[in-house]
Amino acid sequence: MLVAGSILSTIIIGFFVPKKFLGKYFILCALLLSSLYFFFIPSKDFDLYRHYETMYFMKFISWKDLLEFKAIDIGNYLLKEYSRNYPGYCLYAYAIGKIGVKELLPVITGSIVYGLPILILTKIGYKKNIEKWKLLLGYIFIVFNIDFLSISGIRNILATTIFSYVLYLDLIKKKNRILCFGTYAVICTIHSMGVMLLTFRLILFFYSRRSNNRFINLILIVVFFSMQRITEILISNINSNSIIGGIIYRALNSFILYSENGTENSIFIQGTAAALYFLCFIICKFFKKYSSNFNEYKEWYQYIVIIFSYILSAIPMRDIFMRFRLIIFVLMVPIIVEISSEFFGKRLFSIKRINKTNVFQYNILIEIIIFIEILFSFFINIYLRYLALDMNFLI
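Counting restarts for each chain: residues are numbered from 1 in the order of the written sequence. The predicted nature of this model means local features are confined to residues of pLDDT at least 70 and side-chain atom pairs, given and counted, to a pLDDT of 80 or more, with totals for whole chains, interfaces and linings taken over all residues. The side-chain values count all of the structure's non-hydrogen atoms but skip hydrogen atoms and water molecules.

Considering the overall build of the protein chain
Quick note on the threshold: By the criteria applied, helices consist of DSSP H or I runs no shorter than four residues and strands consist of E runs no shorter than two, each listed in order from the N terminus. Partly exposed residues are those whose accessible area sits between 20% and 50% of the maximum for their type, while under 20% is buried and over 50% is exposed, using a 1.4 Å probe and protein chains only. The contact criterion used throughout is that any non-hydrogen atoms of two residues lie within 4.5 Å. Here the accessible surface of atoms and residues is derived via Shrake-Rupley with a 1.4 Å probe, and residues count as covered only by protein chains that are part of the display.
Scanning the protein chain for helices and strands turns up 19 helices and 2 strands. Across the 395 residues that make up the protein chain, the buried fraction comes to 55%. In the protein chain, the proportion of contacts linking residues at least 24 apart, taken out of those at least 6 apart, comes to 75%. Accessible area for the protein chain stands at about 18300 Å²; split by element, carbon and sulfur atoms hold 65% of it.

A look at the side chain of His51
Put simply, the test is: Definition of a polar contact: a pair of N or O atoms within 3.5 Å, with one able to donate and the other able to accept a hydrogen when the atoms are protein atoms, and with sequence-neighbouring residues admitted only if both atoms are side-chain atoms.
Residue placement: His51 occurs in helix H3 (residues 47-57). Within the structure, the side chain of His51 is placed 3.1 Å from the backbone oxygen of Gly153, a separation counted as a polar contact. Setting aside chain neighbours within four positions, we find His51 in contact with Tyr82, Tyr89, Leu105, Ser152, Gly153, Ile154 and Arg155.

Concerning the packing of helix H15 (residues 267-290) against helix H16 (residues 298-313)
A packed helix pair is summarised by two numbers, namely the angle formed by the two axes and the spacing between the axes. As a reminder, the rule being used: The axes are straight lines fitted to the C-alpha atoms, using for helices just the contacting stretch, and the angles between their N-to-C directions are given from 0 to 180°. Any angle from 65 to 115 degrees is called roughly perpendicular, while one under 35 is roughly parallel, one over 145 is roughly antiparallel, and all others are oblique. In this scheme the crossing of two helices becomes right-handed for a clockwise turn of the near helix relative to the far one and left-handed for an anticlockwise turn of less than a right angle. Each residue gets one of three labels, nonpolar for Ala, Val, Leu, Ile, Met, Phe, Trp, Tyr, Cys and Pro, charged for Asp, Glu, Lys and Arg, and polar for the others, Gly among them.
Two elements in contact, H15 and H16, have axes separated by 11 Å at closest approach and are oriented at 150°. As the angle between them shows, H15 and H16 are arranged roughly antiparallel. Seen from above, H15 lies across H16 with left-handed handedness. Together, Tyr277, Cys280, Phe281, Cys284, Lys285 and Lys288 of H15 and Tyr301, Ile304, Phe308 and Ile311 of H16 make up the contact between the two elements. Grouping the constituent residues of the contact of H15 with H16 by class yields 8 nonpolar, no polar and 2 charged.

Side note on the pattern of salt bridges
Opposite charge on two side chains allows them to pair when their charged atoms are near. The following threshold applies: What makes a salt bridge here is a side-chain nitrogen of Lys or Arg within 4 Å of a carboxyl oxygen of Asp or Glu, nothing more.
Summed over all chains, the structure comprises 8 salt bridges. Here Glu103 ties to Lys102 by a salt bridge, and the two come within 3.1 Å at their closest N and O atoms. In this structure Lys102 comes out as partly exposed when scored by relative accessible area, which is 39%. The shortest N-O distance in the salt bridge between Glu299 and Lys174 comes to 3.0 Å.

A few points about the confidence of the model for the protein chain
Our working definition: pLDDT is defined as a per-residue confidence score from the predictor, taking values between 0 and 100.
In this model, the protein chain carries an average pLDDT of 83, and 80% of its residues clear a pLDDT of 70 or more. This stretch, residues 353-359, has a pLDDT under 50; its non-local contacts, to residues over four places away or in other chains, come to 12 contacts.

Thoughts on a positive patch on the surface
Note the threshold: Only residues whose relative accessible area exceeds 30% and that form no salt bridge are eligible for patches; like-charged ones are grouped when within 9 Å, while nonpolar side chains (Val, Leu, Ile, Met, Phe, Trp, Tyr) are grouped when within 5 Å. The positive count covers Lys and Arg only, the negative count covers Asp and Glu only, and His and the chain ends enter neither. A charged residue contributes its charge at one atom only: NZ of Lys, CZ of Arg, CG of Asp or CD of Glu.
Taken together, Lys123, Lys127, Lys173 and Lys175 make up a surface patch of like positive charges. On the secondary structure map, Lys127 appears in helix H7 (residues 104-127). Looking at Lys127, the relative accessible area reads 64%, which means it is exposed.

Description of the environment of Ser341
As for its position among the elements, Ser341 is in helix H18 (residues 325-343). Residue class for Ser341 comes out partly exposed when judged on its relative accessible area of 22%. The spacing of Ser341 and Ile130 is 211 residues in sequence and 5.9 Å in space, taken between C-alpha atoms.

Describing unusual backbone geometry
One non-glycine residue, Asn129, lies in the positive phi region at around 55°. The residue Asn129 is located in the loop between H7 and helix H8 (132-145) in this model. A relative accessible area of 57% means that Asn129 is categorised as exposed. The residue Lys174 is not glycine, and still its phi comes out positive at about 60°. Within the secondary structure, Lys174 sits in the loop between helix H9 (155-171) and helix H10 (177-187).

Things to note about the packing of aromatic side chains
Formally: Working definition: rings of Phe, Tyr and Trp (its six-membered ring) pair if their centres are within 6.5 Å, and the pair is stacked with planes under 30 degrees apart, edge-to-face with planes over 60 apart, and tilted otherwise. The criterion for a charge sitting over a ring is simple: Lys NZ or Arg CZ within 6 Å of the ring centre, and within 35 degrees of the ring normal.
If you walk through the whole model with that rule in mind, you get 29 aromatic pairs. Relative to Tyr184, the ring of Phe181 lies with its centre 5.1 Å away and its plane at 80°, an arrangement referred to as edge-to-face. With Phe181 and Tyr184 both in helix H10 and 3 residues apart, the pair spans about one turn of that helix. A single burial state applies to Phe181 and to Tyr184, both of which are buried. Linked through ring pairs, Tyr37, Phe40, Phe46, Phe148 and Phe393 together constitute an aromatic cluster. Just above the ring of Tyr86 sits the side chain of Arg155; from NZ or CZ to the centre is 4.5 Å. Stacked on the ring of Phe205, the Lys or Arg Arg201 has its end atom at 4.6 Å from the ring centre.

See the structure below:
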């Protein structure tokens, strides 16, 4: 229970931190939680164990070898695969490996995974000057929903988190779009999930310009249901010898692998994820219907809807279905902050005039749903992940 206890401790201490220091405190908590990986000993079935092995073999190569973007075959199959298809990750791991402390790989990755959503939270929260307890609620939402153990996978969670933050800069802050898309492209060289998320971003160009989005959603679901067959056709026509072609080929190949993997004994795991997705979807629909700030987040909301359309089609595919948990929770951070800022602490219900009709806003209901989602996610993480972790820690 070391992980759960550490998370709860940071929350309790947070109640005694002055609001003006809360943002810095949250970043410190991200570093402290991630530093637990200094004492984590992965067993052989952990991705982190294989990442450590790969970092060991990186001692025998140079920057020049990596920058050639060719497969490096020195006895480690993962290094051979990563150097050919995921040069961005190789450069990241190689730079950390040069320091000589392998544990820095999950520690730095964890700091990014916790830190970037916290940065989104504090930027929006301080801009709107929301109350301290609402900032704490946003922090609780982040640390309860992020699965600490998933950080050990490194590539997927790193690519997903960075993509989410750049998407925030792109769709909400309206930063330099060319720079954002350049960063999206780099993320694709870390993990194949980046290719899928970038595809959804490209779909958004078309999606956001159509008024009948319900019809578009239906089309997307039908197309996504057919993705495995479409992928098999595409993969047979891609030249995997080029850098870009290799990245796309690996992404499509990974999709096929994940589509066929993990269907046994997964009903409970998928059921819990489906319940969390459903709660997040209700929160999003409430935000769209009642929030006065919805137009500021319209494209952000539409991107979430595209992902939900894909998730719906991925129900039979456990691995793909589960891999979207993190990005959904990160994308939910601005919406949670906006809802808490606008509706929390108000009357149990209020009346809003929409299209000349009085509409009841059951504010208390959305508050209950958010609290249920937060607690449910945390207890699921404890039950499925954290209880068995203590044996892997030196402390």
